[in-house]
Structures are given as C-alpha cells and as structure tokens.
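Structural overview
Each chain is listed here by its residues.
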Amino acid sequence: MCRCPGELQYDGERLQQVDMILKRGLNWEYLVEESSETHLRGQLDLQQQLQRQGVTPKRFECRYDELSTETRLNKILLDGLHRLRPLVTSSSVRSDVNRYYGRLQQYVSYERMSLRDIESVSLTRLNEYYDNALRLAKLIFEQAFVADLGGRNRRIQSLLIDMESTFERVVYRAVKAVVDTEYYDVRNDSIGHSLSVRIGNRTPLHVSGLLDTKSRGGRRLGW
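Notes on the structure in this doc start here. (Residues numbered from 1 in each chain as written. Predicted model: local features only at pLDDT ≥ 70, side-chain atom pairs only at ≥ 80, totals over all residues. Heavy atoms only, no water.)

Attention now moves to the side chain of Ser-68. Following the sequence through the fold, Ser-68 ends up in strand E5 (residues 60–68). You can call Ser-68 buried: its relative accessible area is 11%. A polar side-chain atom of Ser-68 sits 2.9 Å from the main-chain amide nitrogen of Glu-70. If sequence neighbours within four positions are ignored, Ser-68 has contacts with Asn-27, Trp-28, Glu-29 and Leu-31. (Helix = DSSP H or I, 4+ residues; strand = E, 2+ residues; numbered from the N terminus. Buried < 20%, exposed > 50% of the residue type's maximum accessible area, 1.4 Å probe, protein only. Polar contact = N/O pair within 3.5 Å; in protein donor to acceptor, adjacent residues only side chain to side chain. Contact = heavy atoms within 4.5 Å.)

This is the structure:
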C-alpha cells in the first residue's frame, strides 16, 4: 500500500485497472512517422529531401501514417506507473507496479507527461475502457506533485520567490523616490527586515527602516 499526501491510497484493486487494459489490449492509433527509405513510402517530404539528400539522393525522406501503440493514452499510463514506484511502501504492490511497468514498456517508450495531457484526452467508445486508469493516473500525478512540494524534489524551490526581499526592494525604491532630498538620505541598507503580521485571514507585510538627516550633526530617524 502507498499512503501519499492527501491520504489517498493505491492498493492492488486500483492497479487492477492497468492489468485489465493489458489483458484487453492497448490503445492503437495511426500516427505520423518520418523516416529515410530506399523506396518511396507514403508522401515525400520535399523540404527534408532537399536538406538531407541534396541533388544526388540515395534515399527518400518519407512521411506516412503507421498504426502504433505510442499514443498519449499509453504514455500517460506508463508515466503514471513510473511516478507511482517511489511512492509505494508495500512490497507486494511495488512488485505489481514494476511488473505492469515492464510489460507496458515493451510497447510504449517513456515520455514525461503532465496533467494537461490527461485533461486534453477525449475518450471514445473504442478506448473508454481507459477511463478508470486515467482517473488513477491523474491521482498519481497530483500526489507526485504534492510530494515534490513536500521535499522529495527540491527543483521546485527554484521557482519560488523571496517575497520579503522583493517587497523590501520595492519599498526602498518608493521611499527613496519620495523622501530622498537635501534633508534626508535613503540608502540601500536603510530598509530593515520585513515583518509579517497576521490580521484575520490576511497577512500584510510591514517594513522597518531608517532615514539619515543630512544636516550637520545629523541623526537617524526610524519608522
């Protein structure tokens, strides 16, 4: 069993959705392929032909439709299993996840997918049996994202902004533009540390600071 952020659990019954798809058969779709062929196949990609083969071509740069299991549905399923593996704590469930992942990987190449990919999928009567598996994949994607925020993946921190320092710089520029005159001097180190004070459900930021008077025997004024 896997207990993830949000108290969602992934057990053997949920994973049976994946097993059912593998037994029923993977989704197949006609996808556009590009390759160099000794004989013309499908359509000739004239631009690629001129760029790659030049004036004395030895092969044909072709574009054609081919029935394939490299579909978005299958890639979402594979990535869902890939993300689930580090979240699983039960050895038996982990064994099932690895087994399904290995079987699926025989037909689908791995590609990192997103929640947007899941939301963009439109099921038809031919592939509606993927519905429950897509719901499971969405749960896994959401929980993996929460786990990243919880510390499993520190890359997310590079996207965070130090709002206190940013607010201090904004206040410094505003105070300098208004107050910095022949009487008062506002320097970059005049702004102190931001203080966060909670009032009701709101958390405004307050900044302390100092002003230096420019007169002889000047003194510092605080706020």
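Position of Thr-69 relative to the elements: it lies in the loop between E5 and helix H3 (72–84). Assessed through its relative accessible area of 8%, Thr-69 is described here as buried. Separated by 2.6 Å, the side chain of Thr-69 and the backbone oxygen of Tyr-107 make a polar contact. If we skip the residues at most four places from it in the chain, Thr-69 touches Leu-26, Asn-27, Trp-28, Asn-74, Tyr-107 and Val-108.

A surface patch of nonpolar side chains, about 480 Å² in accessible area, is lined by Leu-40, Leu-44, Leu-46, Leu-50 and Phe-60. Topologically, Phe-60 is positioned in strand E5. You can call Phe-60 partly exposed: its relative accessible area is 33%. (Patch = residues over 30% accessible without salt bridge, like charges linked within 9 Å, V, L, I, M, F, W, Y side chains within 5 Å. Areas by Shrake-Rupley, 256 points an atom, 1.4 Å probe, with all protein chains shown as cover. Salt bridge = Lys/Arg side-chain N within 4 Å of Asp/Glu carboxyl O.)

This part is about the environment of Phe-141. Looking at the secondary structure, you find Phe-141 in helix H6 (residues 131–152). Once the C-alpha coordinates of Phe-141 and Ile-118 are considered, the two residues, 23 residues apart in sequence, prove to be 9.6 Å apart. Those residues in contact with Phe-141 that lie beyond four places of it in its chain are Ile-76, Asp-79, Gly-80, Arg-83, Met-113, Ser-114, Leu-115 and Ile-118.

Applying the stated criterion across every chain, the model contains one aromatic pair. The ring of Tyr-64 carries Arg-41 above its face, with NZ or CZ at 3.9 Å from the centroid. We note Arg-85 situated over the ring of Tyr-101; from NZ or CZ to the ring centre the distance is 4.1 Å. (Phe/Tyr/Trp six-rings, centres within 6.5 Å; stacked < 30°, edge-to-face > 60°. Lys NZ or Arg CZ within 6 Å of the ring centre and 35° of its normal.)

Moving on, we come to the sheet that holds strand E4 (residues 43–44). Spatial ordering of the open sheet is given by E3-E5-E4, a layout of three strands whose pairing is antiparallel. Every interior strand has two partners, whereas the edge strands, strand E3 (29–37) and E4, have only one. Direction of pairing for E4 relative to E5: antiparallel, over a ladder of two bridges. Considered in E5, the bridge of Leu-44 is made with Cys-62. (Pairing = 2+ DSSP bridges.)

From the geometry alone we can't say anything about function, so treat these as descriptive.
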